[in-house]
Amino acid sequence: MDFFHAHQAQHYLVLGALLFALGAAGVVLRRNAIIVLMSIELMLNAVNLTFLAFARFPLVPNSPMGSFLSGHAAVFFVIATAAAEAAVGLAIIIAVFRSRTSVNVDEFDTLKL
Amino acid sequence: MSFVESHLLTLVIFLPVLGAVLIALLPRGEGGQHKGIAFLFSLLTFLISIPLWTGFRAGSGRYAFEQRTEWAPALGFSYHVGLDGVALLLFLLTTFLGPLVVLSSWKYIQERVNLYCIALLLLETAMLGTLGALDLVLFYVFWEAMLIPMYLLIGVWGSERRIYAAVKFFLFTFVGSVLMLLAIFWLWSNAGRKSFDYVDLLNAGLVDPSTQNWLFLAFALAFAIKVPVWPLHTWLPDAHTEAPAAGSIILAGVMLKMGTYGFVRYAMPLFPQAALAWAPTIAVLGVIGIIYGSLMCMAQTDMKRLIAYSSVAHLGFVMLGLSALTPEAVSGAVLQMVNHGISTGALFLMVGFLYERTHTRDLSAYGGVAKVAPAIAATFLVVTLSSIGLPGTNGFVGEFLVLIGTFASRTIGGAPLAVAGATGVILGAVYMLWMYQRVFFGPPRKAAEHGIPDLTVREWVTLAPILLAIVAIGFVPQPLLSVVKEPVDAFVQRVSRPPPVRKAEVER
Amino acid sequence: MEVSWLHLVPLLPLIGAAVCGLVGKWLPKGWVYAVALASVLLSFLVGLRAFLGLDEGVQLFHQLAFNWFSAGSLRVDMAFTFDRLSGALTLVVTGVGFLIHVYSVGYMDEDPGYWRYFAYLNLFIAAMLTLVLGDNLVAMFVGWEGVGLCSYLLIGFWFTDEEKASAGRKAFVVNRIGDFGFLIGIFILFTQLGTVSIAQINSAVIPLGVASLAALCLFIGATGKSAQIPLYIWLPDAMAGPTPVSALIHAATMVTAGVYMVARLSHLYVSAPGVMAAVAVVGTITAIWSALIATSQNDIKKVLAYSTVSQLGFMFIGVGVGAFFAGTLHLITHAFFKACLFLGAGAVIHGLHGEQDLPRMGGLRKYMPSTRTTFLIATIAITGILPLSGFFSKDEILAQALHTRAFSFLTLTPSGSMRLTWLGPLIYAVGSFVAFLTSFYMWRCYFLAFSGEYRGPETVHPHESPPVMTVPLWILAGLSVVGLLLGLPPSWVHGTALEHWTWEHFTEGVFARPRGDAPGEFSPALGFGIALLVGWLGWAGSYALYFKRGLLGDEMLSARLGPVRRALANKLYVDELYDRVIVRPLWALARGLWRVVDATLIDGLFVNGIPALIAWVSAMARRFQNGDVQRYAAVTALGVAALLYVFLVRS
């Protein structure tokens, strides 16, 4: 299927995938804990984009199930979760920073066998 | 059966636990009252087990003192206990050794005496339960229950390498048991009646031979480790060497017989065709055990390790007798189970006496003890002679029956095995008399240099019943043999001429 | 005839042993002696009463004391049979035993362990009687091992001496090797004939193969107990025990158990003529082997020990050629004179305060007249220079060997080329040479000890022993003389009252006849002539070398036959050979097996190896958990991706 003439959801999905990949890469590769949190946010927002893309361009158009708003509802959930998680994550980072004076993820390795 | 009769067995089995509970409830204090209670309860257990002997009617075909109470009918297991001749003998051996074991450690154990006494009593219950159980789940529960107290006994009150020995003992025996558990479950699901009950399984008709093979091996592995059969024996020397004297006595005296008992009661009758097929191999392993064990004894410098290997040799005789599948051999094997318990238990007891006085088990640290402690020397000699099977002591009758029964066995080509096993007679004299000479003969030197206190009253009291048993069974073994005649005959019948394979569909 | 008192014979000494052993330490000395002696004497009297009760009508007494044990088809009873053979042996055991008990009262008087000694001695008598009277092989085996135990206890009596303790242990272990053979023999007979009862075995038809195997295995037991090649090595070492013990156990009774067993089972052996030939050959080889060694020993007890081995060889020759009566006759006469010799040696040792070396004796005839005379009589008896008891018994054996037909149908190889008719005469020739040697070394022993002048240290004053020791000597010497009656050839006394006293006549019908017919009537005159000649030659040689010259005789021999004499003095290095070939390799094997198999293979490889392997795998796996959260996240993501792939794309 020719990309440029394909179903328009494709573009959004690709963008979402790219953003997700970038975010995942950031989570795994970045050393600064705050950057990791930002990458997580990026992943979550990429997921939001994917949800909205499917909400706007559903797979089964004209579905008999009334107004198809579950995609939008999911986005709201994700945003709320992201916010909560960011708050808690930052709190943890600050607590760790207080005892170690570092936000370098490589140094948080006491959870090993 | 009256109430007492039908519940006597349960009472005997659980009386030690009552003692243990009592000890646990008492304040810690000094060890005195704990040991007293332990002795009292073990003695009581022995006394109320005497009616089991006198009330036992051989030849009735059923299990004596049988009691069955429903436990979990939906799951198929019940509390079913009863004794046949073989179980009766080992049962009495256990209750007989119980108070002696408590007496033997009176002075030696100083710390955590309450825990020690509890462990001894729980161990006694577990062993009695194993012998009396007629339900496979019940049997398995008691079988596993033996492990923890023994592990504690070795690990807490033992010698230098006690942790290693205790863990080795536990893991080694546990591995075998787990496979046995799987086999038990298989039997339950395929017995046709979804039952764990031993009698039901026995009467249910046999499993087909190929499956029997695996089931038998699963059971046999667990028991073979316990016996121990060569080459699964290496846990025993370590366990014996590191255990305190009482632990060794109870381990050698009773626990090892649980393995041989498992063969006689469970592994072989439940899977007779597999047993028959494996009998020659087991016999060969038995003979290897006899010769190898005896040779190992000759190479030892630690007294307890030497006696441990002699256990391997003696139980090689038992396994040889069991797998020969003639009435003479199997009767001899059962008798040897009792005899070995008495004589090897006595050996460990006496080595314990020596260790308490000199704090060494090394043979090279001894010499000339007979001059300074003649009572120890004399009694040790009697026990030694019992161990090497001198006629007039208990060891001879069992050994002789095993060998002559094996020689006569047509089920396995017995003659060469009996000849090989009979060399154990020579080797036994070699290592035991060599040990005896190194410790007792010659001029008093090293550990005996400044004199060794001779036997105390308590030690005499502990030894006397054993010495009496050695001589009594040596001169009059027939009562024991009469008691086991019927189960032995039934056993031989069943294994060498098994009933037909079950017609019912095998699972899947 | 079933009786109910026969069990008293072995039981009384057993009770005596129990009393002396358990409470003897605290009883007054006299009481211990009384109990010990009385029990043996009473046993002797019961035996005597039984013996006198044997006549034409009553062939034997039997008693089933109790059923000892039974399982399957095996039934073993403690039962006793008192017939002519076992009855006579019972009298010998209890009679000579009693004399030795009396002697021991003197010999062991100053030993603090005397109560132990008498307990063991009584126990021995009880065990020996069980052996002799046992009516089945297992009961006999009880006695068999029992005497082995007593031998161990008594040889190592002075256990604070390491060497003596080792000698006892050696005796027990070597005997056990023989016992192993005995057990196999019992097994064979039980599985093939279904019985262990001697009476039933003796009346059964036994196939050749079965009989041969069983007889051979039982004979292995006999070589252990009766100190034949290859298991005789314990007997010379057994001299470490008190001398009365050597007299009783290692001369008169225990060592004869093997001969007794073969004679008792004569029917079995007759059914296995090949084994009989083997028995005779082993006896012959043993006889000459130990006789040679005896010529070069310097310890008086060792001379007598090797002499015993040699004479036992004679007994086996007797039973091996089918002349069971001759072998057992020599057993009885040998008991008399050998016990006398040993007790005499004991008196010498006692009188010299512990000296046992012949070179340090000499001239004792002046100090110990009773000992000397009885020793002389016994020496005459054993060497046969005058027709005393030993002469007749030994000569009878050789004559039977010469004329036996038991081997005439045997062949050397199964294909049957060469018939063994020459075996009998060969045995006769060798046996006669051994008789010469016997005379030679026994007279050497006598001359070196009693003749010439005293060679010992100044500090030792030889003296005679007390009557409690010399009276038994005289009695035994008397028996050595009187015993000749037992051995008179029937042709001499045919028709007279003495005929009933000859052993050959007395044991008519007790023994089985060998195949190949009985030896024909032969003129004893030639045989006697040669026997006398041989005995006198030995005496003459000894006289020439030792009577006047004393130890010079030994030196002269050494000058001529140096290396030979040295080898003989060193017992032909048999112990060293056994040590190299059997004992040391066995111990090395034990240690090697322990190190290699137990420690390295089983424990190292499996028991400790498998957990080590698991631990190593865990260590490897543990490296995943390094605490790096990002790594965890990455792995999780990969896992999720994989799962998605599986579920979405592959399904």
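About the criteria used
- Residues numbered from 1 in each chain as written.
- Chains lettered and ligands numbered in written order.
- Predicted model: local features only at pLDDT ≥ 70, side-chain atom pairs only at ≥ 80, totals over all residues.
- Heavy atoms only, no water.
- Contact = heavy atoms within 4.5 Å.
- Buried area = accessible area lost by both parts, 1.4 Å probe.
- Salt bridge = Lys/Arg side-chain N within 4 Å of Asp/Glu carboxyl O.
- Polar contact = N/O pair within 3.5 Å; in protein donor to acceptor, adjacent residues only side chain to side chain.
- Helix = DSSP H or I, 4+ residues; strand = E, 2+ residues; numbered from the N terminus.
- Nonpolar A, V, L, I, M, F, W, Y, C, P; charged D, E, K, R; others polar.
- Pairing = 2+ DSSP bridges.
- Buried < 20%, exposed > 50% of the residue type's maximum accessible area, 1.4 Å probe, protein only.

Here we look at the interface of chain A and chain C
Next up, step 1: With 13 residues of chain A at the contact, the number on the chain C side is 10 residues.
Next up, step 2: Regarding the contact of chain A and chain C, the summed buried area is about 820 Å², with carbon and sulfur atoms giving 60% of it.
Next up, step 3: Counting across the chain A and chain C interface gives 0 salt bridges.
Next up, step 4: Linking chain A with chain C are 2 residue pairs in polar contact (both at pLDDT 80 or more).
Next up, step 5: A total of 3 residues in the side of chain A that touches chain C trace back to one element, the largest contributor, which is helix 1 (residues 9-29) of chain A.
Next up, step 6: Its residues placed into classes, the side of chain A that touches chain C shows 8 nonpolar, no polar and 5 charged.

Some points on the interface of chain C and chain B
Put simply, an interface is often sized by how much accessible area is lost when its parts join up.
Next up, step 1: Taken together, the contact between chain C and chain B spans 48 residues of the former and 58 residues of the latter.
Next up, step 2: Joining chain C to chain B, the criterion identifies 1 salt bridge.
Next up, step 3: In this structure, the salt-bridge partner of Arg445 of chain B is Glu162 of chain C, at a minimum N-O distance of 3.6 Å.
Next up, step 4: Applying the counting criterion to the chain C and chain B interface returns 11 residue pairs in polar contact (both at pLDDT 80 or more).
Next up, step 5: Of all elements in the fold, only strand 1 (61-71), helix 5 (137-155), helix 6 (162-193) and helix 25 (574-607) of chain C reach the threshold of two or more residues within the side of chain C that touches chain B.
Next up, step 6: With 16 residues, helix 6 of chain C is the single largest residue contributor to the side of chain C that touches chain B.
Next up, step 7: Class assignment for the residues of the side of chain C that touches chain B results in 32 nonpolar, 8 polar and 8 charged.

Description of the pairing of strand 1 (residues 64-72) of chain B
Next up, step 1: Relative to strand 2 (residues 77-83) of chain B, strand 1 of chain B is paired through 6 bridges, and the arrangement is antiparallel. Note on strand 2 of chain B: the bridge partner recorded for Arg68 of chain B is His80 of chain B.

Notes on the environment of Ala127 of chain C
All names here are of chain C.
Next up, step 1: Among the secondary structure elements, Ala127 is positioned in helix 4 (residues 114-133).
Next up, step 2: Taking relative accessible area as the criterion, Ala127 reaches 9% and is therefore assigned buried.
Next up, step 3: Each C-alpha atom of the pair Ala127 and Leu248 lies 13 Å from the other, and the pair is 121 residues apart in sequence.
Next up, step 4: Ignoring anything within four residues of it in the chain, the contact list for Ala127 reads Gly143, Gly146 and Val147.

Comments concerning the environment of Ala46 of chain A
Residue and element names in this part refer to chain A.
Next up, step 1: With respect to the secondary-structure elements, Ala46 resides in helix 2 (residues 33-56).
Next up, step 2: Its relative accessible area of 1% is what places Ala46 among the buried residues.
Next up, step 3: Note: C-alpha distance between Ala46 and Leu18 (28 residues apart in sequence) is 8.1 Å.

Some words on unusual backbone geometry
Next up, step 1: Following Trp230 of chain B, the chain continues to Pro231 of chain B via a peptide bond in cis, the omega torsion being 0 degrees.
Next up, step 2: With respect to the helices, strands and loops of the structure, Pro231 of chain B is situated in the loop between helix 9 (209-226) and helix 10 (235-242).
Next up, step 3: Omega for the peptide link from Ile229 of chain C to Pro230 of chain C comes to 5 degrees, which places this bond in the cis form.
Next up, step 4: In this fold, Pro230 of chain C is placed in the loop between helix 8 (208-225) and helix 9 (234-237).
Next up, step 5: Of note, the phi angle at His359 of chain B is positive, near 55 degrees, even though the residue is not glycine.
Next up, step 6: You will see that His353 of chain C, though not glycine, has its phi angle at about 55 degrees, which is positive.
Next up, step 7: Here His353 of chain C lies in the loop between helix 15 (324-351) and helix 16 (369-383).

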